Structures are given as C-alpha cells and as structure tokens.
Amino acid sequence: MSSAQLSNSAAPARPQPELSARLILLLATGTGLTVASLYYAQPMLGIMTDDIHAANTTVGWVPTLTQLGYALGILLLVPMGDIIDRRRIVLVKGAILTLALLLAAFAPGIGTLLVASLAIGLTATMAQDIVPAAATLAPESIRGRVVGTVMTGLLLGILLSRVVSGFVAQNFGWRAMYVVAAVSVAGFGVVAWRSLPSFHPTTQMTYRQLIGSVASLWRRHPALRRAAFAQGLLSVGFSAFWSTLAVMLHDAPFHLGAAAAGAFGLAGAAGALGAPIAGRIADKKGPQVVTRLGATMVAVSFAAMLFAPMLSPHAQLWLIGLGAVGFDLGVQVALISHQTIVYGIEPAARSRLNAVLFVCVFIGMSLGSVLGSQALAHWGWTGVAALSTLAALGALAVRMWPGTTSAH
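What you are looking at is a predicted structure, and each value in this text was computed from that prediction instead of being measured.

(A) View of the packing of aromatic side chains. In the structure shown here, the tally under the stated rule is seven aromatic pairs. Geometrically, the ring pair formed by W218 and F229 is edge-to-face, given 5.6 Å between the ring centres and 75 degrees between the ring planes. Of the two residues, W218 sits in helix α11 (residues 207-220) while F229 sits in helix α12 (residues 222-250), which places them 11 residues apart along the sequence. Take W218: its relative accessible area is 26%, and that puts it in the partly exposed class. Between the aromatic rings of F241 and F302, the centroid separation amounts to 6.4 Å while the plane-to-plane angle is 55 degrees, which identifies the pairing as tilted. Placement of the pair is F241 in helix α12 and F302 in helix α15 (residues 287-305), with a sequence separation of 61 residues.

(B) Region of the structure containing empty space enclosed by the protein. A full pass over the atoms with the stated rule returns one cavity of 30 Å³ or more. Estimates place the volume of the largest cavity at around 250 Å³. In terms of lining, the largest cavity is formed by 20 residues, of which the most central are L154, I158, F358, V361 and M365. Of all the elements in the fold, those that place two or more residues in the lining of the largest cavity are α5 (61-76), α9 (143-172), α12, α16 (313-343) and α17 (350-400). Of the residues that constitute the lining of the largest cavity, the class distribution is 15 nonpolar, five polar and no charged.

(C) Examining the nonpolar core more closely. One finds F241 and F327 to be the most contacted residues of the largest nonpolar core, which totals 84 residues. The element that contributes the greatest number of residues to this core is α17, accounting for 14 residues. Excluding residues within four positions of it along the chain, F327 makes contact with F238, F241, W242, V298, S301, F302 and M305. Counting residues in hydrophobic clusters, the runner-up holds 28 residues, among them Y40, L97, A107 and I120.

(D) Highlighting α5. For α5, with 16 residues, the first-to-last C-alpha span of 22 Å sits near the 22 Å given by 1.5 Å per residue. Looking at α5, one finds that the buried residues are V62, P63, L65, T66, Q67, G69, Y70, A71, G73 and I74.

(E) Structural detail: the pattern of salt bridges. For the structure on display, the rule yields five salt bridges. Across the pair R352 and D82 runs a salt bridge, and its minimum N-O distance is 2.7 Å. Here D82 lies in the loop between α5 and α6 (86-105) and R352 lies in helix α17, a separation of 270 residues in the sequence. In this pair, the class of R352 matches that of D82, namely buried. For the salt bridge of D129 with K93, the shortest nitrogen-to-oxygen distance reads 2.8 Å. Taken together, the residues span a long stretch of sequence, with D129 in helix α8 (residues 126-137) and K93 in helix α6 at a distance of 36 residues. Neither D129 nor K93 differs from the other in exposure class; each is buried. Shared partners join several salt bridges into a network, and the residues in it are D82, R86 and R352.

(F) Quick peek at the confidence of the model for the protein. Averaged over every residue, the pLDDT of the protein is 86; the share at 70 or more is 89%. Confidence, read as mean pLDDT per element, is least for helix α1 (residues 3-7) in the protein (44) and greatest for α6 (97). Of the regions scoring below 50 in pLDDT, residues 404-408 engages in 16 contacts with residues more than four places distant in sequence or in other chains.

(G) Seen up close, unusual backbone geometry. In this structure, H53 is a non-glycine residue whose phi angle is positive, near 55 degrees. Of note, H53 is situated in the loop between α3 (45-52) and α4 (56-59). A relative accessible area of 72% means that H53 is categorised as exposed.

Cut-offs used in this document
- Residues numbered from 1 in each chain as written.
- Predicted model: local features only at pLDDT ≥ 70, side-chain atom pairs only at ≥ 80, totals over all residues.
- Heavy atoms only, no water.
- Phe/Tyr/Trp six-rings, centres within 6.5 Å; stacked < 30°, edge-to-face > 60°.
- Helix = DSSP H or I, 4+ residues; strand = E, 2+ residues; numbered from the N terminus.
- Buried < 20%, exposed > 50% of the residue type's maximum accessible area, 1.4 Å probe, protein only.
- 1 Å grid on protein atoms, 1.4 Å probe; cavity = no way out; pocket = protein on both sides within 12 Å on 5 of 7 lines; lining within 4 Å.
- Points joined across faces, edges and corners; volume = space filled by probe spheres on them.
- Nonpolar A, V, L, I, M, F, W, Y, C, P; charged D, E, K, R; others polar.
- Core = buried A, V, L, I, M, F, W, Y, C linked by side-chain atoms within 4.5 Å.
- Contact = heavy atoms within 4.5 Å.
- Expected span 1.5 Å × (residues − 1).
- Salt bridge = Lys/Arg side-chain N within 4 Å of Asp/Glu carboxyl O.
- pLDDT = per-residue confidence, 0-100.

Here you go:
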C-alpha cells in the first residue's frame, strides 16, 4: 500500500462533540501550562548551580536536554495522535509530565535533575497534541479563530513562564517552582479527564508506517514545505531576540538585571493577546494574506530596532519594547495562519503535519539562538536586529513566491 493510500486509510468518520467556549479556554490553558514547563528552568540556572553544587556547564544541560526531549517528542510521539485517541495521549502525557516535574523538584543531585529534564521535554509535547485536537473539533468556518485562541495560550505560556519562574525561584526557591508547575499540570489533567471528548483515530497505520509517512507528506505537499520554511525563518528572529535580550540589557548602557528581561516578556505577551483577531481574518480573507501580513509585521519591527543604538538608552528601551509587541504579534499571526493552511491539507494526517511544522519551528529557534549569540558577540545589538530582519524578509519572500496564492 502506498503512503498516500495509508494516509487516507481512516477509521469511519464520526461526529465530534460541539466545541464550547469553555472547552476552548481549557485547551488554551492546557497548551500554556504545558509548554511553560520547557522554560521554567532558564532563569533559575544560577540558583540551581549553588543549591546542588554542580558546575555551570553541567547545569547548563538542564534546558538543553529539555529542548532536546521536546524535539524528539515532536518527531516521534506527536504523530501518534493520528492512530490513537488524542484524549488518551493528553491524559497519559499529563500524568507523566506531572511526575517528571515532581522528580525535578525533589532531585537529590544533578543526575536525577538531568533525567527529569529530558522527561519533561518529551511529555511537554502534549501541547502539540492539544492544538490538532482543537482544529479537529472546530468547524472549518471558525477553525482559524479557534486555533488562534489556543495558540495564544501556548505563546503566553512561553513568554510568561520566565517571569513567573524568576519570581518564584527568587522568593521561594527553584524547587518550589517545579512543585507549582506539577500541581498546575495535574490540575489541568483532572479537568481534561472530565471535559475533553474522545477522538477517533484517523488512520489504521502501524506506528512504523506512520513515522515513514511523514517524509511522504513532506514530498507530496508544497503547501506544507512553504509553511514550514516560512515559520522556521520567523522563528530564527524570534529566538535570536529572546536568547540575547538578557545579555544585551546586562551590558552598557543599560546595566539591567534579569527582572528587566522578564518585563519585556510581558510586552511580548501583550502582542500575543491580539493574535485571535488574526484567526478571524484568516477565516474571512484566507490564511495566505495573513501569513504575509505577519511576516511583514516581524520584518518592520526588527528593522525599526536597527536604529536603537542611535537613540538615548531610555528611548532604546521604549523602541525595543514596542518592537517586541510588534514582532511577537507578527510571529503569532503567521503561525496561526500557517497552522490553518497545514490542517486543511490532509485532515486525516493533522498530527503528522503539525509535527513537521513544529520540527521546523524548533530548528529555526535553535539556529536563532546560536546565530543570535554570534551576532551579538561580533556586531552587538545591531547585528541581532539585522539577522532577525533578514530572516523575516526571507519568510516574506517564501510567502510571496509565485504559486503561493492558493490555500495549498
């Protein structure tokens, strides 16, 4: 049987329950609480180092293993949503994630903490099971709005996690943050167990066939490749900014601490709150238009930051803060529209399509972190802004390339 036939070997379609506002809120909350688990450790590394008496380089593997686990989980676990009830996947991952967070909270040494970090990354991919679930429940006429709302929860989780963990760790210790995270995920799991409907598998593939079909989806669907490339490029700039901001603010002329970097996270979160509007526009005007709008917003926001060194320190902070609102909104707008495009390509393969999209997003974020650090070291903040601007223009070029006018 060919990959195309396998992709369409679906179980008989059954009607899904109505998607209520309460359920949308639950899904958005779940994505935010889950994905936040990936980022809690970043502001706490210094405190961890002192408490467990490990070298800085060793403790630095905590966020690295978390991200590595997340990447592996997206590639190897997320596609399973097409062959297993997504409700079951969400509940099992939620339970294991809760245990992994508790293991981190009570880790006696660095070895246990590293194991827990890898497990946190693997199971935090629950967020990528929830988004296709929302897309499946949503009628096509409002799918963009629903995905936009759920993804707003995810982005808020990313942006606010560092602020929350920095505050909790400073006042109550880093172990307390992991306990709080475990309780929040467990609470979501209980509510999801009571409220989340079952999802019928969309294909009868074996797991081996499922993973093998991912490459076939990539080859067969130009719309998937365009969405993945464009969003990956936007992720380069997003990651370059956030991975270098704290270092830049620490140096002259600002000499600001980690709390200031957290405040910029709040600015970015303000931009993310406007993203559901993009989903509504995508439903009415088509997602192609909105992807280009999002990429343009990102490019303009970063291009404006090129002029920051010409201003006074106070004016620079205002410009960078406004830029953070603009590019975070642009990245979110583009992501929602790309997901709307991808989810419409082959409904029976939504989990696999989502996995491909987010693997490329993760690659872009990893490249952005590395390239952003190099740009800051060699050319200062202007280098970071230039790198991010070029990446956004590259994404816009992908979306403007001939042949991208249709939904596919």
